[in-house]
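Here are the chains, one letter per residue:
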Amino acid sequence: MVNDPAACLPVGRDPKERVYLLYGKEEFLKKEFIQKLRREIFPSSQSSTMGFEQFEAHEHSVGALIDFLRNASFFAGQKLAVYYGLDELEAEDRQKLMNLIENFPVFSTLVLVSRESSIKKEAYLKILGAKTRPIACHLPFDKDLPQWVESRMKRLGKTIEKEAINLLIERTGKDAALLDSAIEQLAVYVNQEPRILVKHAETLLGRSVQADAFRLVDYLLEKKLKSALENLESLIREGARIYEIIGALSGQIDRLSRARALMDEGFPSDTISAELKLHPYFAGRILEQAQKFPKRFFQRVLRELWECDEAVKTGKLQDQLALQRFFLKVC
């Protein structure tokens, strides 16, 4: 199931459906939820201005929050309050908040915001979670993140190629705000086209150094020196830095070495993938490459790459020349 706070928007008359507890480290997802909830409750900008208020625990008392929520407004039929800094409250204020929830006004909605990653670790949050609508604000685990990206694309009326999703995640990292921004940029970039392909993502975000590391390692394993050098030149022309290429190659060869060692010990592929924390998209290719040579081969290649890296960092060789020499020695 894809983690998406915005899927919990409908507002009911039951207090549990009108008091939300947002927790987690992703501030972007919290802000997005609050914005969508505000639009849901207030159909016009005027009622939104009159009926919406944000409170900070270090600046505003719980009493001020209670007064706002319990006093009906002539200009706004509904009220929405957001209270940040829930974790900073003292015992007395926590009890006041609990009393408010027990007798919550029918015309109000409240969003409580905590930075805790789990409501099960803290007794007060656990109790609060049972009386409110707790919503986790964090990105899904790695295996579910592609589905999260895909669902966001669907909201924009687009579908997206699997390879494009993996490139998007690789280039932007696991940051909800950056991912969302890149998703919107891609949707705008393809304009009327319904499907986003990997070529669109490469044009907008740059080529995947990680994906090219697979290709370069394939060329090394197959002794295809000419293809390896051409691929290297292409990467550099398109803006990839030497340290990025060396880092991607080093990580790939190290994973191959460790995967081969686990294979030699008789571990099954799913156990190896879990042990090395391999992304599902890359796992099959890594295990396939690892089967081609013994562990000592990968260790030798890794030593050669470390020498290449040292030559670059110490200035013994020009960047591109150092990598070209590495390919020559291995092939």
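Residues numbered from 1 in each chain as written. Predicted model: local features only at pLDDT ≥ 70, side-chain atom pairs only at ≥ 80, totals over all residues. Heavy atoms only, no water.

**With respect to the packing of helix α8 (residues 176-190) against helix α9 (residues 198-205)**
Here comes step 1: One way to put it is that α8 packs onto α9 with a least axis distance of 10 Å and a crossing angle of 110 degrees. Classified by the angle between their axes, α8 and α9 sit roughly perpendicular to one another. Classified by chirality, the crossing of α9 by α8 is right-handed. Every residue of α9 that contacts α8 at A182, Q185, L186, Y189 and V190 is listed here: H200, A201, T203, L204 and L205. (Axes fitted to C-alpha atoms, helices over the stretch in contact; angles between N-to-C directions. Helix = DSSP H or I, 4+ residues; strand = E, 2+ residues; numbered from the N terminus. Parallel < 35°, antiparallel > 145°, perpendicular 65-115°, else oblique. Left-handed = near helix turned anticlockwise from the far one by under 90°. Contact = heavy atoms within 4.5 Å.)

**Overview of the pattern of salt bridges**
Here comes step 1: Using the criterion set out here, one finds 17 salt bridges in the structure.
Here comes step 2: One salt bridge in this structure joins D218 and K292, with 4.0 Å as the shortest N-O distance. On the criterion of sequence distance, the pair formed by D218 in helix α10 (residues 209-221) and K292 in the loop between α14 (280-290) and α15 (295-314) is long-range, its members being 74 residues apart.
Here comes step 3: Among the residues examined, D218 registers a relative accessible area of 19% and is labelled buried.
Here comes step 4: Using a relative accessible area of 39% as the deciding quantity, one classes K292 as partly exposed. (Salt bridge = Lys/Arg side-chain N within 4 Å of Asp/Glu carboxyl O. Buried < 20%, exposed > 50% of the residue type's maximum accessible area, 1.4 Å probe, protein only.)

**Topic: the packing of aromatic side chains**
Here comes step 1: Overall, the coordinates contain seven aromatic pairs when judged by the stated rule.
Here comes step 2: Judged by centre distance (5.5 Å) and plane angle (50 degrees), the rings of F326 and F327 are tilted.
Here comes step 3: Taken together, the ring pairs in this structure connect F55, F68 and Y83 into an aromatic cluster.
Here comes step 4: The cationic tip of K79 hangs over the ring face of F68; the distance from NZ or CZ to the ring centre is 4.3 Å. (Phe/Tyr/Trp six-rings, centres within 6.5 Å; stacked < 30°, edge-to-face > 60°. Lys NZ or Arg CZ within 6 Å of the ring centre and 35° of its normal.)

**Describing the nonpolar core**
Here comes step 1: Counting 37 residues, the largest nonpolar core has I245, L249, I253, L323, F326 and F327 as its most contacted members.
Here comes step 2: When contributions to this core are tallied by element, the ones reaching two or more residues are α10, α11 (225-237), α12 (242-264), α14, α15 and α16 (319-330).
Here comes step 3: In this structure, F326 is in contact with L220, L249, I253, V301, E304, L305 and C308, ignoring residues within four places of it in sequence.
Here comes step 4: In this structure, Y20, I41, M153 and L168 belong to the second largest nonpolar core, which totals 35 residues. (Core = buried A, V, L, I, M, F, W, Y, C linked by side-chain atoms within 4.5 Å.)

**Some points on the environment of K174**
Here comes step 1: Checked against the element boundaries, K174 lands in the loop between α7 (162-172) and α8.
Here comes step 2: Under the relative-accessibility criterion, K174 is labelled exposed at 53%.
Here comes step 3: Spatially, the C-alpha atom of K174 lies 8.9 Å from that of D142, the residues being 32 residues apart in sequence.
Here comes step 4: The contacts of K174, once residues within four sequence positions are left out, are E26, L139, D142 and L145.

**Some words on a negative patch on the surface**
Here comes step 1: Residues E56, E59, D87, E88 and E116 make up a contiguous surface patch of negative charge.
Here comes step 2: Residue classification places E116 among the partly exposed positions, given a relative accessible area of 32%. (Patch = residues over 30% accessible without salt bridge, like charges linked within 9 Å, V, L, I, M, F, W, Y side chains within 5 Å. Areas by Shrake-Rupley, 256 points an atom, 1.4 Å probe, with all protein chains shown as cover. Lys, Arg positive; Asp, Glu negative; His and termini not counted. Charge placed at Lys NZ, Arg CZ, Asp CG, Glu CD.)

**Quick notes on α7**
The α-helix advances 3.6 residues per turn, and as a result positions three or four apart in sequence lie on the same side.
Here comes step 1: Burial in α7 covers these residues: A164, I165, N166, L167, L168, I169 and T172.
Here comes step 2: Trailing α7 by a residue or two, G173 shows a phi angle of about 85 degrees, which is positive.

**Digging into the sheet that holds strand β4 (residues 108-113)**
Here comes step 1: The strand order across the open sheet built from five strands is β2-β3-β4-β1-β5, with neighbouring strands paired in parallel fashion. Of all the strands in the sheet, just β2 (52-56) and β5 (133-136) have a single pairing partner and so form its edges. Adjacent strand axes in the sheet meet at a mean angle of 20 degrees, parallel and antiparallel pairs treated alike.
Here comes step 2: Across five bridges, strand β3 (residues 79-84) lies against β4 in parallel orientation. Bridged to V82 within β4 is V111.
Here comes step 3: Sitting on the sheet, helix α3 (residues 62-70) is in contact with β2, β3 and β4, with an inclination near 165 degrees to β3. (Pairing = 2+ DSSP bridges.)

**Some details on the pairing of strand β1 (residues 19-23)**
Here comes step 1: The element β1 is extensively covered by neighbouring structure, given that five of its five residues are classed as buried.
Here comes step 2: Here β1 shows two buried faces, one formed by V19, L21 and Y23 and the other by Y20 and L22.
Here comes step 3: Sheet topology places β1 next to β4; four bridges connect them, and they run parallel. By the bridge assignment for β4, Y20 is matched with V111.

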